[in-house]
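Here are the chains, one letter per residue:
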Amino acid sequence: MHARRFRRETLTTTRAKRSAPHSVYDELAGRIAELGRQAHHRGWVLGTSGNFSAVVSRDPLRLAITASGVDKGRLGPAQVLEIDGEGRAVRGGGRPSAETSLHLAIVRARGAGAVLHTHSPWSTLLSDAHAGAGGLAIEGYEMLKGLDGVATHEHREWLPIVENTQDWSAGAAGVEAVLRQRPDAHGLLIRRHGLYTWGRDFDEAVRHLEVLEFLLEVVGRRRDGHGGQTWPS
């Protein structure tokens, strides 16, 4: 009787192990890879542009992040690395994104659970056209209600614009300072480079990405000859 019970308990334990979910890192690597392919299909991360990350753990800080130089249209979980709070790879092959320091800065400044960066045409164009103002204001659109904490289309979203650099290890501190000055911002633009957005978790970050990319395209198309508006000089 004891032997039969032991076998039943062993079988139950074995089945539980087989059906147990993957680790947090494995799950996030799969979701990041899927997002990369979808974003590529929508024209937001063509070629090897863009990078995505998500928090695996906070103590110690660990991020799953896309490897450098990877075609997002062919992105797979094996091309997503795990890094520590200093940006060093602790799992996976390849090199972390050159903008790893920027991801870490946003996670620290915002308490973000995921950080997403695209190189869409509209984010690139608008980041250049409005750089002189230090940011881009978007207001009056119903889609703004897709952003966390926004309950009305009358909301005015301000996206700070920062200059691009080849050294984000040095430049990340400036971005972190900008974010602390604008605690209401849901994203930022890097001049002639693209959009960064984030969320408390991966799902919220993806929603913010879709909302902001939609709004940037609407604003860009309107100022490109529709609605009687013109581009700023």
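Structure: see above.
The residue numbers shown here count from 1 along each chain, following its written sequence. Thresholds applied to this predicted model are a pLDDT of at least 70 for local features of residues and 80 or more for the giving and counting of side-chain atom pairs; totals over whole chains, interfaces and linings are not thresholded and use all residues. The side-chain quantities take in all heavy atoms of the structure and omit both hydrogens and water.

1. Looking at the nonpolar core
Counting residues in each nonpolar core, the largest one holds 41 residues, and the members touching the most others are Ile32, Leu116, Ile138, Phe202 and Leu216. A helix here means a DSSP run of H or I that spans at least four residues, while a strand means a run of E at least two residues long, and both kinds are numbered starting from the N terminus. At the level of elements, helix H2 (24-41), strand E1 (51-58), strand E3 (80-84), strand E5 (114-118), helix H4 (121-129), strand E6 (135-139), strand E7 (156-162) and helix H6 (202-223) are the ones that each hand at least two residues to this core. The leading source of residues in this core is H6, at 9 residues. Residues are treated as being in contact if the distance between any of their heavy atoms lies within 4.5 Å. Those residues within four positions of Phe202 in sequence are excluded, and the remaining contacts are Arg31, Ile32, Leu35, Ala54, Ala114 and Leu116. Nonpolar core, defined: a set of buried Ala, Val, Leu, Ile, Met, Phe, Trp, Tyr and Cys residues in which side-chain atoms within 4.5 Å join the residues together. A 1.4 Å probe rolled over the protein chains alone gives each residue an accessible area, and that area as a share of the maximum for its type sets the label: buried under 20%, exposed over 50%, partly exposed in between. Counting residues in hydrophobic clusters, the runner-up holds 20 residues, among them Val55, Ile83, Ile106 and Val175.

2. Re unusual backbone geometry
Here the amide bond leading from Asp59 into Pro60 is cis, since omega sits at 5°, within 30 degrees of zero. Mapping Pro60 onto the fold places it in the loop between E1 and strand E2 (61-66). Positive phi, normally seen in glycine, also occurs at Arg192, with a value near 55°. Tracing the chain through its elements places Arg192 in the loop between strand E8 (187-190) and strand E9 (194-199). Arg192 gets classed as exposed once you look at its relative accessible area, which sits at 57%.

3. A closer look at the side chain of Thr66
Checked against the element boundaries, Thr66 lands in strand E2. Ignoring any residue separated from it by four or fewer positions in sequence, one finds Thr66 in contact with Ile32, Asn51, Phe52, Lys72, Leu75, Gln79, Val80, Pro96 and Ser97.

4. Some details on the sheet that holds E1
Read across the sheet, 9 strands follow the order E4-E3-E2-E1-E5-E9-E8-E7-E6 without closing on themselves; strand pairing throughout is mixed. Here the strands that pair on one side only, and so sit at the sheet edges, are strand E4 (89-91) and E6. Strand after strand, the sheet turns through a mean of 25° between neighbouring axes, direction not considered. For two strands to be treated as a pair, DSSP must find at least two bridges joining them. Here E5 pairs with E9 via 5 bridges, running antiparallel. The partner of His117 across the bridge, within E9, is Tyr196. The sheet strands contacting H2 are E1, E2, E3, E4 and E5, and the helix crosses E1 at an angle near 165°. For helices, the axis comes from a line fit to the C-alpha atoms of the stretch in contact; other axes are also lines fit to C-alpha atoms, and the angle between any two N-to-C directions lies between 0 and 180 degrees. Contacting E1, E2, E3, E5, E8 and E9, helix H3 (residues 100-110) crosses the sheet at an angle of about 135° to E2.

5. Brief notes about the side chain of Ser53
Note that Ser53 resides in strand E1. Using a relative accessible area of 1% as the deciding quantity, one classes Ser53 as buried. A polar atom in the side chain of Ser53 sits 2.7 Å from the side chain of His103. Think of a polar contact as two N or O atoms within 3.5 Å of one another; within protein, one of them needs to be a possible hydrogen donor and the other a possible acceptor, and neighboring residues in sequence only count if both atoms come from side chains.

6. A word on the environment of Val80
Topologically, Val80 is positioned in strand E3. Through-space distance from the C-alpha of Val80 to that of Ser68 is 9.4 Å; in sequence the pair is 12 residues apart. When sequence neighbours within four positions are dropped, the list of residues in contact with Val80 reads Tyr25, Ala29, Ile32, Ala64, Ile65 and Thr66.

7. Re the pairing of E9
Counting buried positions along E9 yields 6 of 6 residues, so the element is predominantly enclosed. In terms of strand pairing, E8 meets E9 through 4 bridges, oriented antiparallel. Along E9, the bridge assignment pairs Leu189 with Leu195. If you look at the hairpin formed by E8 and E9, you'll find 3 residues sitting between the two strands, and Arg192 has a positive phi there, around 55°.

8. Concerning the pattern of salt bridges
The term salt bridge refers to a side-chain nitrogen of Lys or Arg lying within 4 Å of a carboxyl oxygen of Asp or Glu. For the structure on display, the rule yields 16 salt bridges. The salt bridge partner of Arg42 is Glu210, with a shortest N-O separation of 3.2 Å. Linking Arg42 in the loop between H2 and E1 with Glu210 in helix H6, this pair joins segments that are 168 residues apart in sequence. Ionic pairing is found between Arg221 and Glu217, a salt bridge with its closest N-O pair at 2.9 Å.

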